[in-house]
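Each chain, written out:
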Amino acid sequence: MARRPPRTSYGYLAPPDARVKGWECRDDGCGTGDQPAPPSWPHPCRLCGRPTDPTFEEPWAHDARIHLIRHQLRSPDRYERERARIEQHVWAYKEACFQGDAAAAAAAWQAFRANRPARWQESDTWWIASTALYEMVSLSAVFDDLEPAADELMECYPHVDTRDVEDDNTRRTISRTFVSMCVEWLKSEAAIDHPREAEIYGAMRDVAARIESVLMDHHHRGFQELAEKRAMHRSRAGMAAVRRSAGVAFDGLPPVAWPARGAAQDLARVDAAIAAAETHDDLGPLDDLVRRLGDPALVHLARARRHVVTGDLDAALGELDAGAQRGGRVLPQTLATAGLLLARRDPADLDRAIAWCRTGRAAGLRWWRRTTAADASLARLLLWRALRSEAAPAGGLAEAREAERLMRRRCRPWRGPDADDRLLLQEALAAREALTGRPSDERRHQAWRASVDGPWSAPEKARLAVAWAEWAVGTRVAEFAAEAYQHLVTLATQDAVARQGAAAKQRVLASAQEYAEEAGYWLARTGRYREAAIALETGRAVNLTEVLGRAASGAEFSVGYDEIAAETDDGALVYLAAAKAGGYALVVAGRHDPQYVDLPKLDRATVAGIVGRVQPEAVGVVRLATHREIAPAGPPAVQPMAAALRTMWHAGIGEILLFFARGDVVTLVPVGLFSLLPLHAVGDPGMPGDERAEGRHAGRFSAIRYAPNARTLRRCREALAGDGAGTLLAIDVPKGSGVDSPLRYVARETAEITRRWTGGSAQPIHDCTWAEFRAAADAHTSWHVACHGATEPASILDSRLYFADRQVTLAELLRTLRPGRRRLAVLSACQTNLSGSAMPNEAVGLPSALIQLGFAGVIATAWAVDDLATTYLMTVFYHAWCQEGREPVVALNLAQQWLRGARHADLLALLPDVTPAGGPGEFPYADPIYWAAFAYTGA
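All figures in this text were calculated on a predicted structure; none of them were measured in a lab. (Residues numbered from 1 in each chain as written. Predicted model: local features only at pLDDT ≥ 70, side-chain atom pairs only at ≥ 80, totals over all residues. Heavy atoms only, no water.)

Visitor: Can you help me understand the packing of aromatic side chains in this one?
Guide: Think of a pair of aromatic rings as described by two things: how far the centres are apart, and how the planes are tilted against each other in angle. Scanning all chains against the criterion turns up 23 aromatic pairs. Ring centres 6.0 Å apart and planes at 25 degrees place the aromatic pair tryptophan 770 and phenylalanine 773 in the stacked group. Of this pair, tryptophan 770 and phenylalanine 773 are both found in helix H30 (residues 770-777), three residues apart, which corresponds to roughly one turn of the helix. A relative accessible area of 2% means that tryptophan 770 is categorised as buried. Connected via pairs of aromatic rings, a cluster forms that spans Tyr521, Trp522, Tyr529, Tyr584 and Tyr596. The ring of phenylalanine 223 has arginine 205 sitting right over it, with the charged end atom 4.8 Å from the ring centre. Sitting over the face of the ring of phenylalanine 701, arginine 700 holds its NZ or CZ atom 5.5 Å from the ring centroid. (Phe/Tyr/Trp six-rings, centres within 6.5 Å; stacked < 30°, edge-to-face > 60°. Helix = DSSP H or I, 4+ residues; strand = E, 2+ residues; numbered from the N terminus. Buried < 20%, exposed > 50% of the residue type's maximum accessible area, 1.4 Å probe, protein only. Lys NZ or Arg CZ within 6 Å of the ring centre and 35° of its normal.)

Visitor: Honestly, the nonpolar core in this entry has me stumped. Any pointers?
Guide: Proteins that are soluble and globular tend to have nonpolar side chains buried together. Among the nonpolar cores identified, the biggest contains 94 residues, and Tyr515, Tyr575, Ile731 and Phe773 are the most heavily contacted of them. In terms of residue count, the dominant contributor to this core is helix H20 (residues 478-498) (10 residues). With residues near it in sequence (within four places) discarded, isoleucine 731 still touches Thr750, Ile765, Cys768, Phe773, His784, Val785, Ala786 and Phe803. Residues Leu728, Tyr872, Leu873 and Phe934 belong to the second largest nonpolar core, which totals 79 residues. (Core = buried A, V, L, I, M, F, W, Y, C linked by side-chain atoms within 4.5 Å. Contact = heavy atoms within 4.5 Å.)

Visitor: So what exactly am I meant to see when it comes to helix H10 (residues 284-292) here?
Guide: For an α-helix, the turn length of 3.6 residues means that residues three or four places apart are oriented alike. All of the buried residues in H10 are Leu286, Leu289 and Val290. In an axial view of H10, the angular spread of the buried residues amounts to 105 degrees, which keeps them on one side of the axis. When the buried face of H10 is taken as reference, the exposed residues oriented beyond 90 degrees from it are Arg291 and Arg292. Summarising the contacts, the buried residues of H10 are in contact with helix H9 (265-280) and helix H11 (296-310). (Arc of directions from axis to C-beta.)

Visitor: Which parts of the structure should I look at to understand the sheet that holds strand E2 (residues 33-34)?
Guide: Within a sheet, each strand pairs with its neighbour through backbone hydrogen bonds, oriented either parallel or antiparallel. Taken in spatial order, the three strands make up an open sheet running E2-E1-E3, and their pairing is antiparallel. At either end of the open sheet lies a strand with only one pairing partner, and these are E2 and strand E3 (53-56). In the sheet, strand E1 (residues 20-24) pairs with E3 via four bridges, with the strands oriented antiparallel. Counted as the bridge partner of glycine 22 is threonine 55 from E3. (Pairing = 2+ DSSP bridges.)

Visitor: Looking at this structure, how should I read the state of the cysteines?
Guide: Cysteine pairs can be linked by a disulfide, which is a covalent bond between their two sulfur atoms. In this structure the tally under the stated criterion is zero disulfides. Summary of cysteine pairing: cysteine 48 is not part of a disulfide, and the nearest cysteine sulfur, belonging to cysteine 25, is at 3.6 Å. We classify cysteine 48 as partly exposed; its relative accessible area is 33%. With no disulfide of its own, cysteine 357 lies closest to cysteine 411 among cysteine sulfurs, the gap being 17 Å. (Disulfide = S-S within 2.5 Å.)

Visitor: What am I meant to see in the confidence of the model for the chain here?
Guide: Here the chain averages 87 in pLDDT, and 94% of its residues register 70 or above. Every residue in residues 619-638 is under pLDDT 50, and counting partners more than four places away or in other chains gives 55 contacts. (pLDDT = per-residue confidence, 0-100.)

Visitor: What is the right way to read the pairing of strand E12 (residues 782-786) from this model?
Guide: Sheet faces and side chains relate simply in a regular strand, where the side chains alternate between the two faces. Of all five residues in E12, five are buried; the element is thus mostly enclosed. Every second residue of E12 is oriented toward a common face, with Ser782, His784 and Ala786 on one face and Trp783 and Val785 on the other, all of them buried. The pairing of strand E10 (residues 728-732) with E12 spans five bridges and is parallel. Bridge pairing in E12 links leucine 728 to serine 782. The pairing of E12 with strand E16 (residues 822-828) spans five bridges and is classified as parallel.

Visitor: What's the story with H20 in this structure? I'm lost.
Guide: In this model H20 runs 30 Å from its N-terminal to its C-terminal C-alpha over 21 residues, within 8% of the 30 Å that 1.5 Å per residue would give. For H20, a buried count of 15 out of 21 residues is recorded, marking the element as mostly surrounded by other parts of the structure. (Expected span 1.5 Å × (residues − 1).)

So this is what it looks like as structure tokens:
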């Protein structure tokens, strides 16, 4: 018996060095095959006993296939001939792509289109055309020849018939194949940002949505791969754009004192003053120093750096130009600073900026010293130009190597390299490896880790971590992205806490808004669920946590999983986040690992779209809820909200609440954009009594509450310690300052809740002024505020409550009222539960402000509420809380369920002298718009 494979039954004789991977029997009615290859030939079929044919690895499989096609073209079987007639063009296309012959590849595509049936979906050979088209599209994706495949897909798209796919095998197979072809096309690197990417993606999602019930696992894996690939690409592009933008103009600017060791004292003092200005927004030391400096060139440089801190790049460049004309010892620093600022202000000036840096380097060179103050800036700009998409590969590699040489000299130990020097060296090495096509990702990852762990300040470590994360997502390796993002969340938090100026803190927190969601996603994708929960906890409500005293410094601003799990004694803690690649939840229900729940339909872009539809004021439009009244039929204005609540329920949040996070109380920690949505109200409930549908809403099985994070929840619980009977301040303002429409039932609401109060004294104030409220507030542990409210999510501190004499903003509330240990604040006003949209992870809003003032719990509203419905709901809530002894969050849930199922007789029994309004039918307040707006935050 021979070891060399024999001539096949279709006439192919492989060369001696051909590698065989298996065998197949081509006998009609048998068709068996297997791997691995047999040890010798001939090899009989195990079923029919006839000699089998070898199957080959590439490229011999490609050579063998054309022999098989030619053999089948002479077959008596009609279907074999038809398949061979089409597949010969598939083979020709692959051969042309192998040879790099674009003209032959285009001709093969044209021949394929000419020979397949025009409406192949309706022909009796649809399966042949479908299989061949799938292979053509897959090959086009492999060889980045996407345009003809896109044409074919979009021609096919209108003819994909998805009717009755569960029972019709032909339609089901064609539909599945179409989705698979789109996935293959979109997997190509060249498809990212391709002009037809959105078109193909939309067609794929449309067909996939129509046949969702018959999609297979490989389709869902493909969707996830597409989402993750694009998430990494866009994360890297976003980080790169931010790091090169004018918004972070002072990051990476050269130090004034050069070299660091042995520098003149006046230069070192300038650096110290600049660091105070950049890190803490303290311009005083820099201004004082500028007035005392005697070197005119140094004065211009110091003034320029001050302008950079205040954001005036044009003025900074003007000062630098004046300083460069004076020359002197700081000329290299001046020109290097000018070059970086010029490139950040306008990337089109990159070439001129590099020329300035080269001039600065030339000015600083000495025969005994080959490094200058301009080297790091020059290296940074060379890397930017080397990695531009339009850069020639050879030129880009030369510039990357020049940058590497510059930074290797800078990073020699005796020169005292700083964090930015280490950062640039790692970026230069990574760029050189990428441009030579010989990356060493594992080694580079370890080098980034070592650089971040160096003896740097918190801001310096944070800058290193951003660069590390940018590199890591570029590798498309989930493990690298997970670790880099994990460090980035921790270090960005430490950076924010370490800064003393409010504007400096806000600047850091604003730039870090997406880090927590991305870190949690990639950590969870790599099976590190505890670390994912810690990342979300760490990056959430940083400023609030610091204000509440959970940490005194960045080094202490850390949290362990046990601290999170300790807050689940009365129910599960659910972190909800929307990353670029997909949404997800982490359900912490004890000391064991959290349960990870994938929410692929709620990725960041989708959630952003929902926010835009239900909260248009998040983009800067002030919305005043002029009265607590809702028309019975449900006006068009509430339809986007109702649709959003249904969408989120069916996109997976319903399953979380029904199957993963059951209990008397479930605590939601919404992260990022989710914090701008009323998650406590998601659902698609039917009418009361409808057993099939009435349970489809968030509060049906558990009382839902919010917490900015687990540490804040703990602080709220600590505020409850020693909570006695307490006293109540209940105020109402029927007609607030500057508002025309009066609230008809707020006085009745105040009277009813005061009658049901069972604690200490209750002080009602009707038509309350701000002065009256401020005078009485400190004496009471619970507040009930029934008035008008206005919200401005884009500038949340300007949101306001309307007292009888004036409007009071959130900023003034925080500034004026004194903190103290308090039990509950009820904000019975419109839209008081909204958070600031500029930094959603910081959870800035009225609930967090009141928690900051010492309240253990806050009840607020997610949208404009009906005046009378609120009076009913609050009356029942105070009865359940005060007279039945329920926990406030449970009492609120009971009141909402009561109002939803209340009949006219129930409402009359509660308030006999009031005629119920609401909607038509037996249950006038069954619509969630009446009862679901109220949300509980805290303990």
